[in-house]
Amino acid sequence: MSATETPLYSPEFIQEGGACELVVADRRRHTKRPAYVSTKAVEQLPAFLTKLGSLYLRGIRRR
């Protein structure tokens, strides 16, 4: 990240026992929003991020 970039959101996955919680911090408003997600969804996150990255690199998402 360069000095001119500003992070907007910070996600964090927390595993407690068998449950997974996603906590998203809104860095502009200084708030946090929790949501429980399935373990299966958390396990599929790397594949989702890979797919999202490949769509970006192919030019589907343009600025």
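Residues numbered from 1 in each chain as written. Predicted model: local features only at pLDDT ≥ 70, side-chain atom pairs only at ≥ 80, totals over all residues. Heavy atoms only, no water.

1. Quick notes on the pairing of strand 2 (residues 19–26)
The condition that has to hold: Strand pairing is assigned whenever DSSP detects at least two bridges linking the two strands. Helix and strand labels come from DSSP, where a helix needs a run of H or I of at least four residues and a strand needs a run of E of at least two; each type is numbered from the N terminus.
Relative to strand 2, strand 1 (residues 9–16) runs antiparallel, the two sharing 8 bridges. Bridge pairing in strand 2 places Gln 15 opposite Cys 20. Between strand 1 and the antiparallel strand that follows it, strand 2, lie 2 residues; Gly 17 among them carries a positive phi value of about 70°. Note: strand 2 against strand 3 (residues 31–37), 7 bridges, orientation antiparallel.

2. Observations concerning the side chain of Asp 26
The cut-off we apply is this: Within 3.5 Å is the distance limit for a polar contact, defined as a pair of N or O atoms, with the added protein rule that one can donate a hydrogen and the other accept it, and that residues adjacent in sequence qualify only through two side-chain atoms. Residue contacts are defined here by distance: any two heavy atoms, one from each residue, within 4.5 Å place the two residues in contact.
If you trace the backbone, Asp 26 turns up in strand 2. A polar contact is formed between the side chain of Asp 26 and the backbone nitrogen of Arg 28, at a distance of 3.0 Å. In this structure the side chain of Asp 26 is engaged in a polar contact, spanning 2.8 Å, whose partner is the side chain of Arg 29. What Asp 26 contacts, discounting residues up to four positions off in sequence, is Leu 8, Tyr 9 and Thr 31.

3. Let's talk about a nonpolar patch on the surface
Using the following cut-off: Within the patch definition used here, like charges are joined within 9 Å and nonpolar side chains (Val, Leu, Ile, Met, Phe, Trp, Tyr) within 5 Å, considering only residues with over 30% relative accessible area and no salt bridge. In these tables, accessible area is a Shrake-Rupley quantity obtained with a 1.4 Å probe, and a residue counts as shielded only by the protein chains included in the view. When a carboxyl oxygen of Asp or Glu is within 4 Å of a side-chain nitrogen of Lys or Arg, the pair counts as a salt bridge.
A cluster of nonpolar side chains, Phe 48, Leu 49 and Leu 52, forms an exposed patch at the surface whose accessible area comes to about 300 Å². On the secondary structure map, Phe 48 appears in helix 2 (residues 45–57).

4. Some details on the environment of Ser 54
As a reminder of what qualifies: Burial classes follow relative accessibility: with a 1.4 Å probe on protein chains only, a residue under 20% of its type's maximum area counts as buried, one over 50% as exposed, and anything between as partly exposed.
On the secondary structure map, Ser 54 appears in helix 2. Under the relative-accessibility criterion, Ser 54 is labelled partly exposed at 30%. Within polar-contact distance, the side chain of Ser 54 engages the backbone oxygen of Lys 51 at 2.8 Å.

5. Brief notes about the environment of Thr 39
On the secondary structure map, Thr 39 appears in helix 1 (residues 39–43). By relative accessible area, which is 31% here, Thr 39 ends up partly exposed. When the C-alpha atoms of Thr 39 and Cys 20 are compared, they prove to be 6.1 Å apart, with 19 residues separating the residues in sequence. When sequence neighbours within four positions are dropped, the list of residues in contact with Thr 39 reads Gly 18 and Cys 20.

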